[in-house]
Structures are given as structure tokens and as C-alpha cells.
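# Close look at the chain arrangement
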Amino acid sequence: MTAAELAAFGDGLAVPSVVCLWIAILLRAPGALRSPQQRGLWLAVATAAAAMTLNLPDVVAYAMSREASYAHTIGLVRNLIGVLSAGAVLYFVAAATRGRRLQLASWVGTVVWLTTLVVLDAVSPEHGTHTIPVSGDPVPPT
């Protein structure tokens, strides 16, 4: 299988995968929101699903067809949600170990990384969508 065929195969699986994930999130929401032990994992999965939704090929194509600032905003939000998802996973792990200080550290760290991401985006030169191309420099530059 060529790289293009693999990419097309992956794109074909993206929508059904995200739909299944959202169904699972909605089905688990009532129980997860009532249970403090499950809340962190549920939040991690929900934020991952949101980031995956914004990364769907049709959503990316729609954002790219709009003005550059719209596509840039979608890319920034996708990255922010991805960082939030990673922070929620850390929070879940800390909650599973019953480490109150670890839980606090995971939230503080997540807020610091989210703030850093927004500041870096704000101080970087004018740029379009956030990408890491196959060759060349990432956009925006490091």
C-alpha cells in the first residue's frame, strides 16, 4: 500500500471513529459526571474527541476555504483542546493515585501550557494555519 492509499484509508476511518467516540461520550456522560473517579477520564476523552473533530479532513478543508484568520483560529483552538486533553489525562492519572498535589499540579501545568501556547501564538509573526509540513519549517516557526 502506498502512502497516499494509507492516508486515504485513514481519512475514511476518521468520521466513523469520531462519531463512535461521541456516541460513547454521550452514553457515559450521566454516570461519569456523577462519579468523581470517572470525571477526569471522561473529560480527557471528550476533549480528545473535540480535537479529533476539528482535525477531520472535511472540517480542515472548510476552515481552509474560509479567510486565513478563520483557519488560523480553528488550528489554534484544535491545539488548545489537544493540550487540555493531555492535561485531563494527567489529572485522571493523578486522581487514580489519589494524589491531591498531583491533581493540582496537573491543572496548574495545563493552565501554564495553555497560556504559553496562546502567548507564543500572539507574539509570532503573522501566519496561517498551524502545520508541520512534510518538508520545510513548521508554521508558525518554532
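Residues numbered from 1 in each chain as written. Predicted model: local features only at pLDDT ≥ 70, side-chain atom pairs only at ≥ 80, totals over all residues. Heavy atoms only, no water.

Bringing the overall build of the protein chain into the picture now. Within the protein chain, the secondary structure is distributed over 5 helices and 0 strands. For the protein chain, the succession of helices and strands along the chain, N to C, is α-α-α-α-α. With the C-alpha coordinates aligned to their principal axes, the bounding extent of the protein chain is approximately 45 × 35 × 30 Å. Per-residue burial for the protein chain yields a buried fraction of 27% across its 142 residues. Summarising the internal contacts of the protein chain: among those between residues at least 6 apart in sequence, 57% fall at separations of at least 24. Element-wise, carbon and sulfur atoms account for 71% of the exposed surface of the protein chain, whose accessible area totals about 9,300 Å². (Helix = DSSP H or I, 4+ residues; strand = E, 2+ residues; numbered from the N terminus. Buried < 20%, exposed > 50% of the residue type's maximum accessible area, 1.4 Å probe, protein only. Contact = heavy atoms within 4.5 Å. Areas by Shrake-Rupley, 256 points an atom, 1.4 Å probe, with all protein chains shown as cover.)

Next up on the list: the packing of aromatic side chains. Applying the stated rule across the entire model yields 1 aromatic pair. Pairing Y91 with W107 gives two aromatic rings, centres 5.3 Å apart and planes at 45°, and the pair type is tilted. Taken together, the residues Y91 in helix α4 (residues 68-96) and W107 in helix α5 (residues 100-123) connect sequence positions 16 residues apart. (Phe/Tyr/Trp six-rings, centres within 6.5 Å; stacked < 30°, edge-to-face > 60°.)

The next point concerns the confidence of the model for the protein chain. Here the protein chain shows a mean pLDDT of 84. Residues at 70 or above account for 90%. The weakest mean pLDDT in the protein chain belongs to helix α3 (residues 57-65) at 79; the strongest belongs to α5 at 91. (pLDDT = per-residue confidence, 0-100.)

Below, the discussion takes up the nonpolar core. In this structure, A51, L54, A63, A71, I74 and I81 together form the largest nonpolar core, which totals 6 residues. Every element with two or more residues in this core is listed here: α2 (36-54) and α4. A51 has contacts with R78, I81 and G82, leaving out every residue within four places of it along the chain. (Core = buried A, V, L, I, M, F, W, Y, C linked by side-chain atoms within 4.5 Å.)

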